[in-house]
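Observations on the three-dimensional arrangement
Each chain is listed here by its residues.
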Amino acid sequence: MKKYNTYKLLFYILLILYILFAIYLFWLAKNNKKDESQNLQSTCKNTLEKSNNIIEKFNDVSKPVDFSAFPEAKLYYTRITESVKKGPNFAGHYSLIGLGCGTDCIGLSVVNLKTGKVIAFDPVRENYHLQNLGSYLVLEPVYKGQKREYYKIVDDKLELACSEISTEDMYPQFPEQ
């Protein structure tokens, strides 16, 4: 009977050690994610600060919209052409057009007003909002833990300049009762 109690005691000691080790691994993984997120955010901040934000002014009449690169953008023909008529609102001679697709959902189109070409088209981005920072387009996440993406136009293409993990929700959360 004594031998049985010794094995039982040994089992419980090993179980406690196993649980403590699992808690330590969880804590370690959580802290590494925080460090990685902070590194990404400081990298994006540095990228934006170093960027050359000189934007040329475009005062000419824009060319007719050319949908050849993104024929599916014709589904939003009226929205895109009416926005283009208003003139540039992004990076000098581009028109950034938000295409609504519901609550916390955004689509986008970017048109080069000098050539009339649609250079970017993304009809649906769920759980994101669009933010125009002049020379950067930001896909702003609704929920923390999602990726915030900064885009810049390079050679008439929208290219990802930087991304970071959002550390806060866009909407305040209700306190738990």
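Presented here is an overview of the structure given in this document. Throughout, residues of each chain are indexed from 1 in the direction in which the sequence is written. Two thresholds apply to this predicted model, a pLDDT of at least 70 for residue-level local features and 80 or more for giving and counting side-chain atom pairs, whereas whole-chain, interface and lining totals are computed over all residues. As a rule here, side-chain values come from all non-hydrogen atoms in the structure, and water together with hydrogens is ignored.

1. Things to note about the side chain of Glu 149
To keep things clear, this is the line we draw: Helix numbers and strand numbers start at the N terminus; a helix is a DSSP run of H or I with at least 4 residues, a strand a run of E with at least 2. Any pair of N or O atoms that falls within 3.5 Å is considered a polar contact. Within protein, one atom must be able to donate a hydrogen and the other to accept it, and sequence-neighbouring residues count only if both atoms are side-chain atoms. Whether two residues touch is decided by their heavy atoms; if any such pair falls within 4.5 Å, the residues are in contact.
Looking at the element boundaries, Glu 149 is found in strand 6 (residues 147-154). Of note is the side chain of Glu 149, whose polar atom sits 2.9 Å from the side chain of Tyr 151. Residues contacting Glu 149, with those up to four places away along its chain left out, are Arg 125, Leu 137, Val 138, Leu 139, Leu 160, Cys 162 and Ser 163.

2. Re helix 2 (residues 77-85)
To keep things clear, this is the line we draw: Classification of residues uses two cut-offs on accessible area relative to the type maximum, computed with a 1.4 Å probe and protein chains only: under 20% is buried, over 50% is exposed, and between them is partly exposed. By arc we mean the arc of the directions from the helix axis to the C-beta atoms, nothing more.
All buried positions along helix 2 are accounted for by Ile 80, Thr 81, Ser 83 and Val 84. The buried residues of helix 2 occupy one face: seen down the axis, they fall within an arc of 160 degrees. Seen from the open side of helix 2, the exposed residues pointing more than 90 degrees away from its buried face are Thr 78 and Lys 85. In this fold, the buried residues of helix 2 make contact with strand 1 (94-100) and strand 2 (105-112).

3. A closer look at the pattern of salt bridges
Formally: Salt bridges are defined as contacts in which a side-chain nitrogen from Lys or Arg sits within 4 Å of a carboxyl oxygen from Asp or Glu.
Scanning all chains against the criterion turns up 5 salt bridges. Between Glu 82 and Lys 85 there is a salt bridge; the shortest N-O distance is 3.1 Å. Of the two residues, Glu 82 and Lys 85 both sit in helix 2, 3 residues apart, roughly one turn of that helix. Lys 85 gets classed as exposed once you look at its relative accessible area, which sits at 63%.

4. With respect to the nonpolar core
To be explicit about the condition: Put simply, a nonpolar core is a bunch of buried Ala, Val, Leu, Ile, Met, Phe, Trp, Tyr and Cys residues held in one set by side-chain atoms that sit within 4.5 Å of each other.
One finds Phe 90, Tyr 94, Val 110, Ile 119, Leu 137, Leu 139 and Ile 153 to be the most contacted residues of the largest nonpolar core, which totals 14 residues. Counting only elements with at least two residues in this core, the list comes to strand 1, strand 2, strand 3 (118-126), strand 5 (136-141) and strand 6. Here this core gets 3 residues from one element, more than from any other, and that element is strand 2. Here Tyr 94 is in contact with Pro 88, Asn 89, Val 110, Val 111, Asn 112, Leu 113, Ile 119, Ile 153 and Asp 156, once residues within four sequence places are set aside. Counting 12 residues, the second largest nonpolar core, distinct from the first, contains Ala 73, Ile 80, Val 84 and Ile 97.

5. Some details on the packing of aromatic side chains
Cut-off, in case you're wondering: Paired rings are identified among Phe, Tyr and Trp, the last through its six-membered ring, by centres lying within 6.5 Å, and are further divided according to the angle between planes into stacked (under 30 degrees), edge-to-face (over 60) and tilted (the rest).
Counted under the stated rule, the structure contains 3 aromatic pairs. Geometrically, the ring pair formed by Phe 11 and Tyr 12 is edge-to-face, given 5.5 Å between the ring centres and 65 degrees between the ring planes. With a centroid separation of 5.9 Å and 55 degrees between ring planes, the pair formed by Tyr 76 and Phe 121 is classed as tilted. Here Phe 121 lies in strand 3 and Tyr 76 lies in the loop between helix 1 (2-50) and helix 2, a separation of 45 residues in the sequence. The exposure class of Tyr 76 is partly exposed, given its relative accessible area of 25%. Given a relative accessible area of 12%, Phe 121 falls into the buried group.

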